[in-house]
Amino acid sequence: MVGDSYLQPIFLSSFVGDRLVQITHPLSQLFHYNPGPKHVSMQLSRSLSGLTNLLFNRRSNLDEVPNSKRKRLRPGKLSPCRPVPYHIKKSPYVKSRMAPGIASGPEVHDLKGIEHMRASGRLAAQVLSYAGTLVKPGITTDEIDEAVQMIINNGAYQSPLGYGGFPKSVCTSVNECICHGIPDSRPLEDGDIINIDVTVYLNQLLLFSGDTSATFFCGDVDEEARKLVKVTKECLDKAIAICAPGVEFKKIGKTIHDHADKFGYGVFRQFVGHGVGRVFFTDPVIQHFRSNDGGRMVLNQTFTIELMLTMGSVNPVMWDDDWTVVTQDGSLAAQFEHTILITEDEAEILTKFEARHRIRVSSLSELSSASGVLCLNQNFYTSHPKKKTPFRVLSSKLFIFAICSD
């Protein structure tokens, strides 16, 4: 329903903003509402530029997707919010349930800050990789969320949980869901695609965040969907490849848009990348489409690129939960994201996954029992129940979680 409720700022793929966007005004003051067409349009100028044509339409009543055997995505049941262990540090936004918006000023780090960002980025990449191994027909997105939280709770905080009231640890966006899907009871089906979006900060590195996402295949996925996912990943890789000190930010959007156009895919303009580091969301705003935005990359700066492509309509539709955003026509959407660091010559991918650090846990109970006896700065081993090969349980001053031994 559109009314005098507060706008939930979009996180991970955040709303565009110039400087600090304080969401302190009722929705009716931020938007012009026309109850006839059932949509709202932005009335702010530069403070939220790029959103003037965003449509928050109500869901269609049609179950079938045109020219497809696939049914439209529908929300499942939400489980209660999972408790966070008392020893895990929490950001102030968890208690306030208010999102802080986009802070002013870029994230530029000294040597210590860069190492903190690398540590958080590695953890985010490892957690995302593990979550991807769980994707299979029959598993629910809520079960994926539970598994991710079990790992993260060993020494880090899952940044989405409590951000603006978001109820889960990760975003799980299935099929036509563009972003910010809430994990629920819907089982994944053969042929689905799913984006899993992970953001974490290590317990002793409050708000040095690693932010990443990828789109995974569930079972036998058709060629059209596979091509969309492949091209989306290519767009991200090409955008990262042009990043270096002094490069204009607008070249990111042009690179993505040019490649997407070659395949006839649409680029969503309403969701952007952003600076990330000691603050969850900060300058610069990273547009993923052609624009005239100014600004240049600087040495030791960190930010995300998190583009989303679709086969069809680029008009987003928001569900009544005020988070889940889907394509208007039910067409598939895909998303990829990395956190990058601008080095002297290029961009370093802080959330790049390395196979030798893959997290492999046979069950949540195994992880729970193994991690329950861990002490900092010690290594323990637990046997895999089937393969009878040891897991190395890595622990440090920063975090604890299980990874497969080399």
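Keep in mind that this is a model prediction, so the values were computed, not measured.

Draft legend 1. How the structure looks around the overall build of the protein chain. Secondary structure assignment for the protein chain yields 7 helices and 21 strands. Across the 406 residues of the protein chain, 55% fall into the buried class. Counted over contacts in the protein chain with a minimum sequence separation of 6, partners at least 24 positions apart contribute 70%. When the accessible surface of the protein chain is split by element, carbon and sulfur atoms take 52% of a total near 17500 Å².

Draft legend 2. Spatial organisation of the layout of surface pockets. As a volume, the largest pocket reaches approximately 630 Å³. Lining the largest pocket are 28 residues; nearest its centre among them are Val65, Ser68, Arg70, Lys71 and Leu332. In terms of residue class, the lining of the largest pocket is built from 8 nonpolar, 7 polar and 13 charged.

Draft legend 3. Structural context of the packing of aromatic side chains. Within this structure, the stated rule accounts for 9 aromatic pairs. A centroid spacing of 5.0 Å and a plane angle of 75 degrees characterise the contact between Tyr93 and Tyr163, whose relative ring orientation is edge-to-face. With a gap of 70 residues between them, Tyr93 in helix H2 (residues 92–96) and Tyr163 in the loop between strand S4 (156–158) and strand S5 (171–174) connect regions that are remote in the sequence. The pair formed by Tyr93 and Tyr163 is uniform in burial state, with each residue classed as buried. Note that Arg226 overlies the ring of Phe217, its terminal NZ or CZ placed 4.4 Å from the centroid.

Draft legend 4. Examining the sheet that holds strand S14 (residues 316–318) more closely. A sheet is described by the order of its strands in space; here 3 strands give the open sequence S6-S15-S14, paired in antiparallel fashion. Looking at strand neighbours, the two that pair on one side only are strand S6 (177–179) and S14, the edges of this open sheet. For this sheet the average axis-to-axis angle between neighbouring strands, irrespective of direction, equals 45 degrees. Where S14 and strand S15 (residues 325–327) come together, 3 bridges link them in antiparallel fashion. Looking at S15, one finds that Pro316 is bridged to Thr327.

Draft legend 5. A look at the pairing of strand S11 (residues 282–286). Here S11 lies mainly inside the structure; 5 of its 5 residues are buried. Direction of pairing for strand S3 (residues 103–106) relative to S11: parallel, over a ladder of 2 bridges. Paired with Pro106 across the strands is Asp283, a residue of S11. Of the strand pairs in this sheet, strand S10 (residues 273–275) and S11 are connected by 3 bridges, and their pairing is antiparallel. By the bridge assignment for S11, Gly273 is matched with Ile286. Once S10 ends, the chain turns through 6 residues before running back antiparallel as S11.

Draft legend 6. Geometry of helix H4 (residues 141–152). Counted at 1.5 Å a residue, the expected span for H4 with its 12 residues is 16 Å, and the 17 Å between its end C-alpha atoms agrees. Of all 12 residues in H4, 9 are buried; the element is thus mostly enclosed. Looking only at H4, the buried set comprises Thr141, Asp142, Ile144, Asp145, Ala147, Val148, Gln149, Ile151 and Ile152.

Draft legend 7. Looking closely at helix H3 (residues 111–133). The terminal C-alpha atoms of H3, which comprises 23 residues, lie 34 Å apart, in line with the 33 Å expected from a rise of 1.5 Å per residue. Burial within H3 is extensive, with 17 of its 23 residues counted as buried.

Draft legend 8. The pattern of salt bridges, seen in detail. Within this structure, the stated rule accounts for 15 salt bridges. The partner of Arg186 in a salt bridge is Glu189, with the nearest N and O atoms 3.9 Å apart. Here Glu189 falls in the partly exposed class, since its relative accessible area comes to 48%. Close ionic contact of Arg186 with Asp192 constitutes a salt bridge, the shortest N to O distance being 3.1 Å. For the pair Arg186 and Asp192, a shared accessibility class is recorded, and that class is buried.

Draft legend 9. Quick peek at the environment of His257. Tracing the backbone shows His257 in helix H6 (residues 250–261). For His257, a relative accessible area of 9% corresponds to the buried category. A sequence separation of 10 residues divides His257 from Val267, and the C-alpha atoms of the two residues are 6.7 Å apart. Once you skip the residues sitting within four places of it in the chain, His257 turns out to touch Val267, Arg269, His288, Phe289 and Arg290.

Draft legend 10. Region of interest: the environment of Glu115. Mapped onto the elements of the fold, Glu115 is located in helix H3. In sequence terms Glu115 and Leu350 are 235 residues apart; their C-alpha atoms lie 10.0 Å from each other.

Conventions used here
- Residues numbered from 1 in each chain as written.
- Predicted model: local features only at pLDDT ≥ 70, side-chain atom pairs only at ≥ 80, totals over all residues.
- Heavy atoms only, no water.
- Helix = DSSP H or I, 4+ residues; strand = E, 2+ residues; numbered from the N terminus.
- Buried < 20%, exposed > 50% of the residue type's maximum accessible area, 1.4 Å probe, protein only.
- Contact = heavy atoms within 4.5 Å.
- Areas by Shrake-Rupley, 256 points an atom, 1.4 Å probe, with all protein chains shown as cover.
- 1 Å grid on protein atoms, 1.4 Å probe; cavity = no way out; pocket = protein on both sides within 12 Å on 5 of 7 lines; lining within 4 Å.
- Points joined across faces, edges and corners; volume = space filled by probe spheres on them.
- Nonpolar A, V, L, I, M, F, W, Y, C, P; charged D, E, K, R; others polar.
- Phe/Tyr/Trp six-rings, centres within 6.5 Å; stacked < 30°, edge-to-face > 60°.
- Lys NZ or Arg CZ within 6 Å of the ring centre and 35° of its normal.
- Pairing = 2+ DSSP bridges.
- Axes fitted to C-alpha atoms, helices over the stretch in contact; angles between N-to-C directions.
- Expected span 1.5 Å × (residues − 1).
- Salt bridge = Lys/Arg side-chain N within 4 Å of Asp/Glu carboxyl O.

Read these as spatial facts, not as claims about activity.
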